[in-house]
Structure formats: C-alpha cells, structure tokens
Amino acid sequence: MIPDKIGFIGLGHIGGSVAKTIHRIYPEITLIAYDICEETLRQAKEDGVIRKSCPCLTDDFADCDYIYLCAPVLNNNEYVEKLSGILHDDMLLTDVGSVKASIHEDISKYPELEKHFIGGHPMCGTEHVGYEYSTAYMLENAYYVLTPSASVSPSKVDEFRNFVHSIGALPLVLDYRKHDFSVGSISHLPTVIASTLVNLVKDLDDSDETLRTIAAGGFKDITRVASSDPSMWENICIANKDQILDLIDAYMKAIANTRSLIAKGDGDAILDFFSSAKEYRDSFNISRRGVLHPVYQLFLDLIDEAGGIATVATILATNMISIKNIGIVHNREFQQGVLQVEFYDRDAYNKAIVLLNRHHYTVYTPDGK
C-alpha cells in the first residue's frame with residue numbers, strides 16, 4: 001500500500017534525502033514537514049518537495065499515513081510524547097536515527113505509540129549536514145535497517161519493508177540492540193578511532209606542519225570520517241555510549257595484542273596479522289553501500305604540463321560527466337596515479353573510466369580493475 005500523506009519532523013541531510021526520494025518516485029504523495037529552520041522549510045517548498053511547511057506539530061500531522069522523525073538522535077525523543085495524542089490506527093511512525101536503543105526505550109513508555117513504531121536507519125549519507133546536501137538518489141541501493149517494536153504487527157512491517165524497497169533502498173530487519181552493536185562496530189568505533197588518530201597527529205606535528213603537509217594516501221583514507229559533523233557524533237556517543245565503550249575496550253585489547261606482535265619482532269605472526277586483515281577487507285563487496293558513503297574515485301597518470309587538469313575536466317564535461325572533486329596527489333605511497341578524480345555516483349565513475357581509457361590515459365581504480 002502506498003501512503004497518501006507523509007509528515008517529516010526534521011528535514012536535514014537524511015530526512016531531506018528521504019523526502020526528495022519519495023517525491024521523485026511518488027510525486028502524488030502529499031509531503032508536509034516541520035523543522036526548526038525556516039530557511040530549510042522555505043527551500044523544500046520552493047523545490048516542490050513538500051506541499052506544506054508547518055511551524056510546529058499541528059493537526060496537519062494527524063491524518064498522515066507515515067510520520068518520519070528526522071531530528072538529531074537525542075532530539076527525536078523530545079517529540080515522542082507530543083505524537084502520542086495524534087496517532088490513528090493506520091498510522092506508521094518511524095525515524096532515521098543511527099542509534100535505536102534510546103528511541104525504542106522512549107517509545108516503549110507509550111503503548112499506544114509502540115504498536116505503530118518501526119525504527120529505521122538509512123545507511124547512507126556524507127560527512128555534510130543540512131537539507132542543502134540532501135539528494136533524491138542518496139538511498140539508491142543503500143541498506144535501510146528496520147527495527148520493529150515488540151508490538152507492531154507483522155503486516156505493518158511487511159508494508160513498510162515493501163515501501164522502503166520501492167524507493168530504491170535495501171531493507172534489512174534487525175533487533176534494535178543488534179543494530180546498535182553492529183553500527184557501533186563498523187561506524188561509531190571507526191569514527192572515534194579516526195578522530196583520535198587525527199588529534200594525535202595534530203599533537204605530534206611540528207611548527208612547520210610537516211605531518212599535515214604530507215598527510216595523504218592511507219592516512220586520508222582511514223581518517224575521512226573524522227570530517228563528519230561533530231554535533232552529530234556528540235549525539236551518537238551519548239545515545240550509544242555503552243556499546244561504544246565496550247567496543248573501545250575491545251579495540252584497546254586488540255591494539256595491545258598488535259603492539260605485542262611488533263615488539264616481539266615475530267615476522268610470521270606479523271605477516272599473518274596483516275594477511276588476515278587484507279583477506280577480510282578484500283572480501284567486502286565495493287558495489288554495495290555500507291554505513292559510510294561510498295567514494296567513487298579513480299587515479300590517472302598525467303604529464304606535469306600546463307592545462308593537463310583542464311584537459312581531463314573538459315573531456316568529462318563535454319560528455320556530461322560531473323566531477324565531485326579533482327586534484328593532484330602529492331603523496332602516492334598507497335596508490336598509483338598523479339591525478340585523483342572523484343565522482344558523485346557509480347554510473348559517472350564507470351563512464352569516466354571507459355572515456356579516459358579511450359583518450360589513452362592510464363587509469364587506476366581502488367579495486368585494481
């Protein structure tokens with residue numbers, strides 16, 4: 001069943017992307033929204049994404065078929081009690097937060113809400129924040145975790161799973177505790193580690209900023225998530241504190257074991273350590289989206305001459321291929337190629353590889369293909 005009307009509480013990076021995606025695929029659905037930022041609502045209405053902007057949780061939300069909670073993780077909980085008085089029997093309540101325990105615990109205090117609630121986490125997004133960075137294609141082939149409450153009906157779960165699939169995402173049903181452990185392991189802990197590493201290098205740097213100058217290759221790859229929105233990670237660390245602390249403890253034991261291997265100078269054990277990591281990492285399917293937004297980038301050899309970058313950009317532009325980022329790689333310790341080019345999506349990335357090869361550039365891709 002396709003809903004007639006959907007309400008959004010919060011319309012930022014993820015909420016805006018969900019709304020834009022729904023509007024692109026189902027333009028007949030009426031979308032309304034409330035956000036504390038008037039400019040966001042004005043822009044969304046000007047874009048034609050939402051039919052009506054609301055200054056607060058008005059009665060306009062009472063006849064929605066779905067309501068999306070898209071405020072920051074800790075703020076979503078503030079709206080739970082306000083919603084308890086407006087739900088009707090056929091309404092479905094969901095959210096898009098990357099931590100599920102806190103919202104499920106709050107929802108459980110309101111039995112009339114719990115039977116309507118299916119937690120949601122679209123596993124996509126970039127390090128940016130705000131409606132202006134939302135896109136109508138961000139959910140395409142992204143995992144979208146659903147965490148149904150204990151009392152929601154199986155038919156509701158099936159209905160919402162089908163809807164999520166219909167807007168291009170890949171629904172995956174999990175218990176909310178398993179969700180928080182899983183994303184804590186592959187998203188929250190890595191971001192804590194990346195930010196800690198960046199701060200460590202910052203503290204170790206000299207007055208000439210030598211480390212900052214040569215930072216590239218592997219360092220930039222493993223610390224990319226440290227550029228994410230700090231306020232979002234403040235919310236996540238508070239909301240998923242117990243899981244993150246347990247995972248930090250486990251990581252500290254793992255790093256201590258690695259230190260011991262290196263201290264002993266045991267070549268075979270060190271080789272096994274890196275081989276095991278490489279084998280597991282190489283098994284990841286790079287065509288799928290995880291919690292971290294995929295990076296569609298390639299590298300190519302380029303003669304250091306005037307107009308070299310402009311020539312590449314012109315070739316791509318004349319073939320309607322948009323470039324997200326382009327620049328010279330000064331430290332190529334972990335990659336081949338002088339010029340790095342990044343694209344917005346896989347289709348543009350694949351077309352660029354064919355096109356640049358046709359123009360006799362030597363192209364290198366992260367997966368070696």
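Residues numbered from 1 in each chain as written. Predicted model: local features only at pLDDT ≥ 70, side-chain atom pairs only at ≥ 80, totals over all residues. Heavy atoms only, no water.

What about the packing of aromatic side chains?
For any pair of aromatic rings, the description consists of the separation of the ring centres together with the inter-plane angle of the planes.
(1) Moving on: Applying the stated criterion across every chain, the model contains ten aromatic pairs.
(2) Moving on: An angle of 10° between the planes, with centres 5.0 Å apart, marks the rings of Phe8 and Tyr68 as stacked. Taken together, the residues Phe8 in strand β1 (residues 5-9) and Tyr68 in strand β4 (residues 66-69) connect sequence positions 60 residues apart. Each member of the pair, Phe8 as well as Tyr68, is classed as buried.
(3) Moving on: Taken together, a centroid distance of 4.9 Å and an interplanar angle of 75° make the contact between Phe273 and Phe274 edge-to-face.
(4) Moving on: On the basis of relative accessible area, Phe273 is assigned to the partly exposed category, the value being 32%.
(5) Moving on: One Lys or Arg, Lys20, reaches over the ring of Tyr131 and ends 4.4 Å from the middle of that ring.
(6) Moving on: We note Arg24 situated over the ring of Tyr137; from NZ or CZ to the ring centre the distance is 4.0 Å. (Phe/Tyr/Trp six-rings, centres within 6.5 Å; stacked < 30°, edge-to-face > 60°. Helix = DSSP H or I, 4+ residues; strand = E, 2+ residues; numbered from the N terminus. Buried < 20%, exposed > 50% of the residue type's maximum accessible area, 1.4 Å probe, protein only. Lys NZ or Arg CZ within 6 Å of the ring centre and 35° of its normal.)

Concerning the pairing of strand β2 (residues 30-34)
Along a regular strand, successive side chains alternate from one face of the sheet to the other.
(1) Moving on: Taken across its five residues, β2 has five buried, putting it largely inside the fold.
(2) Moving on: Here β2 shows a buried face lined by Thr30, Ile32 and Tyr34 and a second buried face lined by Leu31 and Ala33.
(3) Moving on: With five bridges joining them, β1 and β2 adopt parallel strand pairing. Looking at the pairing, Ile6 lines up with Leu31 of β2.
(4) Moving on: Following the backbone out of β1, through helix α1 (residues 13-25) and into the adjacent parallel β2, one traces a crossover that is right-handed.
(5) Moving on: Here three bridges tie β2 to strand β3 (residues 52-54), and the two strands are oriented parallel to one another. Note that in β3 the partner of Ala33 across the bridge is Ser53.
(6) Moving on: In this region the chain leaves β2, passes through helix α2 (residues 38-46) and returns to the parallel neighbour β3; the handedness of that crossover is right-handed. (Pairing = 2+ DSSP bridges. Right-handed = clockwise from strand over helix to strand, strands pointing away.)

Some words on the pattern of salt bridges
(1) Moving on: Evaluated as defined, the whole model comprises twelve salt bridges.
(2) Moving on: Arg24 serves as the salt-bridge partner of Glu140, at 3.8 Å between the closest nitrogen and oxygen. Of the two residues, Glu140 sits in the loop between β6 (117-122) and β7 (143-148) while Arg24 sits in helix α1, which places them 116 residues apart along the sequence.
(3) Moving on: By relative accessible area, Glu140 is classed as partly exposed at 32%.
(4) Moving on: For Asp95, the salt bridge goes to Lys100, with nearest N and O atoms at 2.7 Å. Assigned by exposure class, Asp95 and Lys100 land together as buried.
(5) Moving on: Shared partners join several salt bridges into a network, and the residues in it are Glu39, Arg42 and Glu46. (Salt bridge = Lys/Arg side-chain N within 4 Å of Asp/Glu carboxyl O.)

With respect to the sheet that holds strand β12 (residues 363-364)
(1) Moving on: Spatially, β10-β11-β9-β12 is the arrangement adopted by the four strands of the open sheet, whose pairing is antiparallel. Because the sheet does not close on itself, it has two edges, and the strands there are β10 (323-328) and β12.
(2) Moving on: Bridge count for β10 against strand β11 (residues 339-343) is five bridges, and the pairing is antiparallel. Paired with Asn325 across the bridge in β11 is Glu342.
(3) Moving on: Set on the sheet, helix α14 (residues 346-358) makes contact with β9 (296-300), β11 and β12; between it and β9 the angle comes to about 15°. (Contact = heavy atoms within 4.5 Å. Axes fitted to C-alpha atoms, helices over the stretch in contact; angles between N-to-C directions.)

So, the side chain of Ser149
(1) Moving on: Structurally, Ser149 is set in the loop between β7 and α6 (154-166).
(2) Moving on: The buried category is assigned to Ser149, whose relative accessible area is 8%.
(3) Moving on: Here Val152 takes part through its backbone nitrogen, which lies 3.3 Å from a polar atom of the side chain of Ser149. (Polar contact = N/O pair within 3.5 Å; in protein donor to acceptor, adjacent residues only side chain to side chain.)

Considering the packing of helix α7 (residues 176-204) against helix α11 (residues 241-264)
In helix packing, the relevant descriptors are the interaxial angle and the interaxial distance, both defined with respect to the helix axes.
(1) Moving on: It is the contact of α7 with α11, at a shortest axis distance of 9 Å, that shows an interaxial angle of 60°. The pairing of α7 with α11 is recorded here as oblique in orientation. Read as a crossing pair, α7 and α11 show a hand that is right-handed. When α7 is examined against α11, the residues Arg177, Asp180, Phe181, Gly184, Ser185, His188, Leu189, Val192 and Ile193 are found in contact with a partner set consisting of Gln243, Ile244, Leu247, Ile248 and Tyr251.
(2) Moving on: Per-class residue counts for the contact of α7 with α11 are eight nonpolar, four polar and two charged. (Parallel < 35°, antiparallel > 145°, perpendicular 65-115°, else oblique. Left-handed = near helix turned anticlockwise from the far one by under 90°. Nonpolar A, V, L, I, M, F, W, Y, C, P; charged D, E, K, R; others polar.)

Some details on the side chain of His188
(1) Moving on: Turning to its location among the elements, His188 is positioned in helix α7.
(2) Moving on: The class of His188 is buried, set by a relative accessible area of 1%.
(3) Moving on: There is a polar contact of 3.1 Å between the side chain of His188 and the side chain of Asn240.
(4) Moving on: Those residues within four positions of His188 in sequence are excluded, and the remaining contacts are Ser98, Val99, Val183, Trp233, Ile236, Asn240 and Ile244.

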